[in-house]
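Letter by letter, the chains look like this.
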Amino acid sequence: MTGLNGSKPRDDRADPLDGYGDGVVVGNEFAAIEISVDTSGHAPRAVLKDVASGQARCIDPLVLLALVYMPDDVMQSLADPNLIVSD
């Protein structure tokens, strides 16, 4: 099952996003994310992968542009740790 923007649920089966390593890791005391670029489709897209769990999401440039222009209060609500659900 694929979610919004190509997100993949975490399970024990082989993850097609596993092949998009060799990115840069950005992290702090709360999170570490590997950022790489998938060029296998019609257009390049960012691949964001949680280093701890391996959960990955592909994000197209339009969504990244929306993040650039998103108001700070909306961005802060997205990063609220009370809203993050893990298995």
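Here the structure is a predicted model, which means the values were calculated and not measured.

Cut-offs applied
- Residues numbered from 1 in each chain as written.
- Predicted model: local features only at pLDDT ≥ 70, side-chain atom pairs only at ≥ 80, totals over all residues.
- Heavy atoms only, no water.
- Helix = DSSP H or I, 4+ residues; strand = E, 2+ residues; numbered from the N terminus.
- Buried < 20%, exposed > 50% of the residue type's maximum accessible area, 1.4 Å probe, protein only.
- Polar contact = N/O pair within 3.5 Å; in protein donor to acceptor, adjacent residues only side chain to side chain.
- Pairing = 2+ DSSP bridges.
- Axes fitted to C-alpha atoms, helices over the stretch in contact; angles between N-to-C directions.

**Q** Is there a simple way to explain the environment of Ser 40 in this structure?
**A** Locating Ser 40 in the fold gives a position in the loop between strand S2 (32–38) and strand S3 (45–50). On the basis of relative accessibility, which here comes to 56%, the residue Ser 40 falls in the exposed class. In this structure the side chain of Ser 40 is engaged in a polar contact, spanning 2.7 Å, whose partner is the side chain of Asp 38.

**Q** Before we go on, may I ask you to explain the environment of Pro 81 in this structure?
**A** On the secondary structure map, Pro 81 appears in the segment after helix H2 (72–78). Given the relative accessible area of 62%, Pro 81 is considered exposed. In this structure, the C-alpha to C-alpha distance between Pro 81 and Phe 30, residues 51 residues apart in sequence, is 9.8 Å.

**Q** Help me understand the sheet that holds S3 in this model?
**A** Sheets are built from strands that pair by backbone hydrogen bonding, the pairs being arranged parallel or antiparallel. Reading across the sheet, the four strands line up as S1-S2-S3-S4 and stay open at both edges, with antiparallel pairing between neighbours. Unpaired on one side and paired on the other, strand S1 (24–27) and strand S4 (56–59) mark the two borders of the sheet. Averaged over all pairs of adjacent strands, the angle between their axes in this sheet comes to 25°, without regard to strand direction. In the sheet, S2 pairs with S3 via six bridges, with the strands oriented antiparallel. Each residue of the ladder has a partner; that of Ile 33, found in S3, is Asp 50.

**Q** Would you take a moment to explain the pairing of S2 for this structure?
**A** As a general feature of sheets, a regular strand has side chains that alternate between the two faces. Pairing between S1 and S2: four bridges, direction antiparallel. Among the inter-strand pairings, Val 25 is bridged to a residue of S2, identified as Glu 34. Counting the residues that bridge the hairpin from S1 to S2 gives four residues. Linking S2 back to S3 in an antiparallel pair, the connection comprises six residues.

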